[in-house]
Amino acid sequence: MARIGVIGGGAFGTAMACVVRRSGHDVTLWAREPEVVEDIGRTAENVHFLPGVRLAPGIRATNDMAEACADADCLLLAPPAQHMRQIAAHLRETLSRRVPVVSCSKGLEQGSLALMPEVLAEELPGSPVAVLSGPSFAREIALDLPCGVALACANAALGRRLAEAIANPRFGVHANADPVGTAIGGLMKNVVAIASGVLAGQKLGENARATLVTMGLAEAIRFGLAKGAKRKTFDGLAGIGDMMLTANSMQSRNTSLGFALGEGKTLAKVLAGRKQVFEGAFSAQAVVKLARQLEVEVPISHAIDDLLNHGAGLEATVAQLTAAFGR
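Because the structure is predicted, anything quoted here is derived from the model rather than measured.

Draft legend 1. View of the overall build of the chain. Helix and strand counts for the chain stand at 15 helices and 8 strands. Compactness check: the chain gives a C-alpha radius of gyration of 19 Å against a globular reference of 20 Å for 327 residues, within 12% of the reference. Seen through its principal axes, the chain has C-alpha atoms that stretch 55 × 40 × 35 Å. Counting only residues that meet the buried cut, the chain has 56% of its 327 residues in that class. Across the chain, every contact between residues at least 6 apart in sequence was considered, and the portion connecting residues at least 24 apart equals 71%. For the chain, the computed accessible surface area is about 13,100 Å², with 52% contributed by carbon and sulfur atoms. The distance from the centre of the 32 positive side-chain charges to the centre of the 30 negative ones in the chain is 3 Å.

Set out below in structure tokens:
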């Protein structure tokens, strides 16, 4: 049994706490919200982010990050991507040794245009960094439904050990040595999912969505290769697997956001009162900026950035998206 700290009490962090607890480890979950900690301790349920899901027995929840990190053999980090740097800076003051950290957050930091493993390498230079990504809706893995993900670490031997520690019979973990590609797969599928949702909201049919998602995968590959990713990563769970799930299911927050926009709702109206974060809404603009630096074409990301951040109308957005079908 290992001691594993999970940082982030949202849906995915809570679900991963369930995974590693079922894998036989001693698990402490840190959440920012006192009400989340209270509810998990009192009812074994995160009613704010995973209502109706009974969590794996034995998970401890705390508002004290130092407690979650104490004597940890590994940390899983699952805050919103735009909060990762702040969390990592706090961890730097807390960690007393070279504890491996696994990013479970999918996004690109807006200001620096850094991937999550890059943020962690900068803020936690003494800790080995890995990335976990793949087709993994939080509710389903919290319910112990079968799933497979990728875990990437530049240190291949450490990556294999982490994969073996996290995995269980219902949660397969496939190790690879490409953190950049694995992170980009998780990043790009959220942007493509918004685009797919827009087409669904416009009632443009399944042919259009299938074409869009295929072109979206090609866009992710171009972007990834320009950033130094390995091509084969996108053939696996972190690439096509995650893209298929997220961009084709209304369970996806980003697809549902795109659907609402496609129906004509405003972004402000969709976001109002939502606790959960739509990472694709933050990532589209950053992807476009980084793609410009890398001199790579990302027409789908451009269309979503224009819609979300530059006042483009639905007709223009659909025209941009369908124009990408011929590229």
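Draft legend 2. Structural view of the side chain of Thr 246. Topologically, Thr 246 is positioned in helix α10 (residues 237–248). Residue contacts for Thr 246: discarding those within four places in its chain leaves Lys 189, Asn 190, Ala 193, Ser 252 and Thr 255.

Draft legend 3. Focus on unusual backbone geometry. The phi dihedral of Ala 44 falls on the positive side, at around 55°, and the residue is not glycine. Within the fold, Ala 44 resides in the loop between α2 (34–43) and β3 (60–62). Unlike most non-glycine residues, Asp 71 shows phi in positive territory, near 60°. The topology assignment puts Asp 71 in the loop between α3 (65–69) and β4 (74–77).

Draft legend 4. Broad picture of the sheet that holds strand β8 (residues 171–176). Judged by pairing direction, the sheet is mixed, and its 8 strands sit side by side in the order β3-β2-β1-β4-β5-β6-β7-β8 without closing on themselves. Each edge of the open sheet carries a strand with a single partner, namely β3 and β8. Recorded for the sheet is a direction-independent mean angle of 25° between the axes of neighbouring strands. Pairing between strand β1 (residues 3–7) and β4: 4 bridges, direction parallel. Residue Gly 5 lies in a different strand from β4, and its bridge partner there is Leu 75. Helix α1 (residues 11–22) rests against β1, β2 (26–30), β4, β6 (129–133) and β8 of the sheet, and its axis sits at about 170° to β2. Against the sheet, α10 contacts β6, β7 (147–153) and β8, and its axis sits at roughly 145° relative to β7.

Draft legend 5. Geometry of the pattern of salt bridges. In total, this model carries 15 salt bridges according to the counting rule given. Here Asp 144 and Arg 22 are joined by a salt bridge, their closest N and O atoms 3.9 Å apart. Taken together, the residues span a long stretch of sequence, with Asp 144 in the loop between α6 (138–142) and β7 and Arg 22 in helix α1 at a distance of 122 residues. Assessed through its relative accessible area of 25%, Asp 144 is described here as partly exposed. A network of salt bridges, in which partner residues are shared, links Arg 85, Arg 92, Glu 109, Glu 122 and Glu 123.

Draft legend 6. Geometry of the side chain of Glu 219. Tracing the backbone shows Glu 219 in helix α9 (residues 206–227). Among residues more than four places away in sequence, those in contact with Glu 219 are Met 188, Glu 297, Val 298, Pro 299, Ile 300 and Ser 301.

Draft legend 7. Spotlight on the nonpolar core. Counting 48 residues, the largest nonpolar core has Leu 212, Phe 223 and Leu 321 as its most contacted members. Contributing elements (two or more residues each) for this core: α8 (179–201), α9, α10, α11 (253–262), α13 (279–294), α14 (299–309) and α15 (314–323). Residue contributions to this core peak at 11 residues, all from α8. With near-sequence residues (within four places) excluded, Leu 212 lies in contact with Val 192, Ala 195, Ser 196, Leu 199, Ile 300, Leu 321 and Phe 325. Ala 15, Val 37, Leu 55 and Leu 162 belong to the second largest nonpolar core, which has 43 residues in total.

Draft legend 8. Spatial organisation of the pairing of β1. The buried fraction of β1 is high, at 4 of 5 residues. Of the strand pairs in this sheet, β1 and β2 are connected by 5 bridges, and their pairing is parallel. In the strand pairing of β2, Ile 7 is matched with Trp 30. Each parallel crossover has a hand, and the one from β1 via α1 to β2 is right-handed.

Draft legend 9. Fine view of the packing of α8 against α9. For the pair α8 and α9, the least separation of the axes is 9 Å and the interaxial angle reads 150°. Of the possible angle classes, the one that applies to α8 and α9 is roughly antiparallel. In terms of crossing hand, the pair formed by α8 and α9 is right-handed. From α8, Val 180, Ile 184, Leu 187, Met 188, Val 192, Ala 195, Ser 196, Leu 199 and Ala 200 reach across to α9, where they touch Ala 208, Arg 209, Leu 212, Val 213, Gly 216, Glu 219, Ala 220, Phe 223, Gly 224 and Lys 227.

Calculation criteria
Residues numbered from 1 in each chain as written. Predicted model: local features only at pLDDT ≥ 70, side-chain atom pairs only at ≥ 80, totals over all residues. Heavy atoms only, no water. Helix = DSSP H or I, 4+ residues; strand = E, 2+ residues; numbered from the N terminus. Rg over C-alpha atoms; globule rule 2.2 N^0.38 Å. Buried < 20%, exposed > 50% of the residue type's maximum accessible area, 1.4 Å probe, protein only. Contact = heavy atoms within 4.5 Å. Areas by Shrake-Rupley, 256 points an atom, 1.4 Å probe, with all protein chains shown as cover. Lys, Arg positive; Asp, Glu negative; His and termini not counted. Charge placed at Lys NZ, Arg CZ, Asp CG, Glu CD. Pairing = 2+ DSSP bridges. Axes fitted to C-alpha atoms, helices over the stretch in contact; angles between N-to-C directions. Salt bridge = Lys/Arg side-chain N within 4 Å of Asp/Glu carboxyl O. Core = buried A, V, L, I, M, F, W, Y, C linked by side-chain atoms within 4.5 Å. Right-handed = clockwise from strand over helix to strand, strands pointing away. Parallel < 35°, antiparallel > 145°, perpendicular 65-115°, else oblique. Left-handed = near helix turned anticlockwise from the far one by under 90°.

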